[in-house]
Amino acid sequence: MSILEHNGAAIIAMAGKDCVAIAADTRMGLRQQTVATDFEKVFKMTDSVFVGLAGLATDVQTLRNTLKFRLALYALREEREIKPDAFAALVSHMLYEKRFGPYFVEPIVAGLKPDGPFLCGMDLLGAPVFTEDFVVAGTCTENLHGMAESMWRPDMSPDELFETVSQCLLSSVDRDAMSGWGAVVHILTPTGVTSKKLKGRMD
């Protein structure tokens, strides 16, 4: 088993019409043993940028704290909030500079730019992939890909996007023993962020 699968995770980000959603499960385990059911994997970086970190729980927390620190330095130096594409480049560079002893995380960056949604996924070395529909990470990526490919459609409203991303995530984690136990969904719109908690199967 890969070290990336040690704690389990399921994260999906999806684009709609002038809105973007990012959702993750809340389980943290040691392989098949569940340790916590309220583990945070998606973090708010700015009002328009969220990052989801799937992988080793210790590295998730370390990278989250390091990103917060680097963003504070960016805000001091530039006197403005970081844009989603610049944030994705920052994460990519941070991962690549640690390539000989990497953080065992696979980040997903979801953001909202003036011209629409921004989605980016990476591997643990920081190699990015940019998409216009959805991006997934974690231990049940095959399930998430299948669900998202069948349910995603262009130009969804925030409410439609919430329903779609929630169904994709809950249906996928039901078929993966390493993730689940509830979920958190964040919807980014030009007017603000809406966060909702979902109940999942507890077995």
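Report on the accompanying structure. Because the structure is a prediction, the values reported are computed rather than measured.

Some words on the pairing of strand β6 (residues 49–55)
Link 1 in the chain: The element β6 is extensively covered by neighbouring structure, given that seven of its seven residues are classed as buried.
Link 2 in the chain: The side-chain alternation of β6 yields two buried faces, one formed by Val49, Val51, Leu53 and Gly55 and the other by Phe50, Gly52 and Ala54.
Link 3 in the chain: The pairing of strand β5 (residues 42–46) with β6 spans four bridges and is classified as antiparallel. Directly across from Lys44, in β6, lies its bridge partner Phe50.

Some points on the sheet that holds strand β2 (residues 20–25)
Link 1 in the chain: Taken in spatial order, the five strands of this open sheet run β10-β1-β2-β11-β12, and their pairing is antiparallel. The sheet is open, and its two borders are formed by β10 (134–138) and β12 (192–198), each paired with just one other strand. Pairwise comparison of adjacent strand axes, ignoring direction, gives a mean angle of 10° for this sheet.
Link 2 in the chain: Two elements, strand β1 (residues 10–15) and β2, share five bridges in a ladder whose sense is antiparallel. Across the sheet, Ala13 pairs through a bridge with Ile22, a residue of β2.

Digging into a nonpolar patch on the surface
Link 1 in the chain: A contiguous nonpolar surface patch, about 330 Å² in accessible area, is contributed by Phe69, Leu73 and Leu76.
Link 2 in the chain: Looking at the secondary structure, you find Leu76 in helix α1 (residues 57–78).

Some words on the pattern of salt bridges
Link 1 in the chain: For the coordinates displayed, the defined rule picks out seven salt bridges.
Link 2 in the chain: The residue Arg153 makes a salt bridge to Glu160 at a minimum N-O spacing of 3.2 Å.
Link 3 in the chain: A relative accessible area of 39% places Arg153 in the partly exposed class.
Link 4 in the chain: On the basis of relative accessibility, which here comes to 34%, the residue Glu160 falls in the partly exposed class.

Regarding helix α2 (residues 84–97)
Note on helix geometry: an α-helix contains 3.6 residues per turn, so any two residues three or four positions apart are oriented the same way.
Link 1 in the chain: With 14 residues, α2 extends 20 Å from end C-alpha to end C-alpha; this agrees with the ideal 20 Å at 1.5 Å per step.
Link 2 in the chain: Buried within α2 we find Pro84, Phe87, Ala88, Leu90, Val91, Ser92, Met94 and Leu95.
Link 3 in the chain: Where α2 is buried, its residues contact β5, β6, α1, β7 (105–113), β8 (116–122) and β9 (128–131).

Thoughts on the packing of aromatic side chains
Link 1 in the chain: Applying the stated criterion to the full structure yields one aromatic pair.
Link 2 in the chain: Residues Phe118 and Phe130 carry aromatic rings whose centres are separated by 5.9 Å and whose planes lie at 55° to one another, so their mutual orientation is tilted. Of this pair, Phe118 sits in strand β8 while Phe130 sits in strand β9, placing them twelve residues apart in sequence.
Link 3 in the chain: For Phe130, a relative accessible area of 54% corresponds to the exposed category.
Link 4 in the chain: Between the NZ or CZ atom of Arg99 and the centre of the ring of Tyr96, over which it lies, the distance is 4.3 Å.
Link 5 in the chain: Here the guanidinium or amino end of Lys196 rests over the ring plane of Phe162, the centre of that ring lying 4.2 Å away.

Topic: the pairing of β10
Link 1 in the chain: Most of β10 sits out of view: four of its five residues are buried.
Link 2 in the chain: Two strands pair when backbone bridges link them, and β1 and β10 are joined in this way by five bridges, in the antiparallel orientation. Paired with Ala13 across the strands is Val135, a residue of β10.

A word on unusual backbone geometry
Link 1 in the chain: Phi is positive for Asp155, close to 60°, though the residue is something other than glycine.
Link 2 in the chain: For Asp155, the location among the structural elements is in the loop between α3 (141–151) and α4 (158–173).

Regarding the nonpolar core
One broad trend across soluble globular proteins is that nonpolar side chains are buried collectively.
Link 1 in the chain: One finds Met45, Val51, Leu63, Leu67, Phe87 and Val109 to be the most contacted residues of the largest nonpolar core, which totals 27 residues.
Link 2 in the chain: Contributions of two or more residues to this core are made by β5, β6, α1, α2, β7 and β8.
Link 3 in the chain: If near-sequence neighbours (up to four positions away) are discounted, Phe87 is found in contact with Met45, Val49, Val51, Leu67, Leu71, Ile82 and Val109.
Link 4 in the chain: Counting 22 residues, the second largest nonpolar core, distinct from the first, contains Cys19, Val136, Leu144 and Met156.

Details of the packing of α1 against α2
Link 1 in the chain: Where α1 contacts α2, the two axes come as close as 12 Å, and the packing angle between them is 125°. Accordingly, the angle class assigned to the pair α1 and α2 is oblique. Here α1 and α2 pass one another in a crossing that is right-handed. Contacts between α1 and α2 pair Leu63, Thr66, Leu67, Arg70 and Leu71 from the former with Phe87, Leu90, Val91, Met94, Leu95 and Glu97 from the latter.

The rules behind the values
Residue positions within a chain follow its written sequence, with the count starting from 1. Given that the model is predicted, a residue must reach a pLDDT of at least 70 before its local features are reported, and side-chain atom pairs must reach 80 or more before they are shown or counted; all residues, however, enter totals for whole chains, interfaces and linings. To obtain the side-chain values, all non-hydrogen atoms of the structure were used and water was disregarded. Per-residue accessibility, obtained with a 1.4 Å probe over protein chains only, is compared with the maximum for each type, and a residue is labelled buried under 20%, exposed over 50%, and partly exposed between these values. We count a stretch as a helix when DSSP gives it H or I for four or more residues in a row; a strand needs E for two or more, and each element gets its number in order from the N terminus. When DSSP finds at least two bridges between two strands, those strands are taken to pair. Only C-alpha atoms enter the line fits that serve as axes; for helices the fit covers just the stretch in contact. Angles between N-to-C directions range over 0 to 180 degrees. Each patch groups residues whose relative accessible area exceeds 30% and which form no salt bridge, using 9 Å between like charges and 5 Å between nonpolar side chains of Val, Leu, Ile, Met, Phe, Trp and Tyr. Each accessible area is a Shrake-Rupley result for a 1.4 Å probe, and residues are judged covered by the shown protein chains and nothing else. A side-chain nitrogen of Lys or Arg and a carboxyl oxygen of Asp or Glu constitute a salt bridge if their distance falls within 4 Å. Here a helix's expected span is defined as the number of its residues, less one, multiplied by 1.5 Å. Contacts are assigned to residue pairs with any non-hydrogen atoms lying within 4.5 Å of each other. Pairing of aromatic rings covers Phe, Tyr and the six-membered ring of Trp, with a centre-to-centre limit of 6.5 Å; geometry is then stacked below 30 degrees between planes, edge-to-face above 60, and tilted otherwise. Geometrically, a charge over a ring is one whose NZ (Lys) or CZ (Arg) sits within 6 Å of the ring centre while staying within 35 degrees of the ring normal. Each nonpolar core is a collection of buried residues, namely Ala, Val, Leu, Ile, Met, Phe, Trp, Tyr and Cys, held together in the definition by side-chain atoms within 4.5 Å. In this scheme, roughly parallel covers angles under 35 degrees and roughly antiparallel covers those over 145, while 65 to 115 is roughly perpendicular and the rest are oblique. If you view the pair so one helix is near and one far, a crossing is left-handed when the near helix is turned anticlockwise from the far one by less than a right angle, and right-handed when it is turned clockwise.

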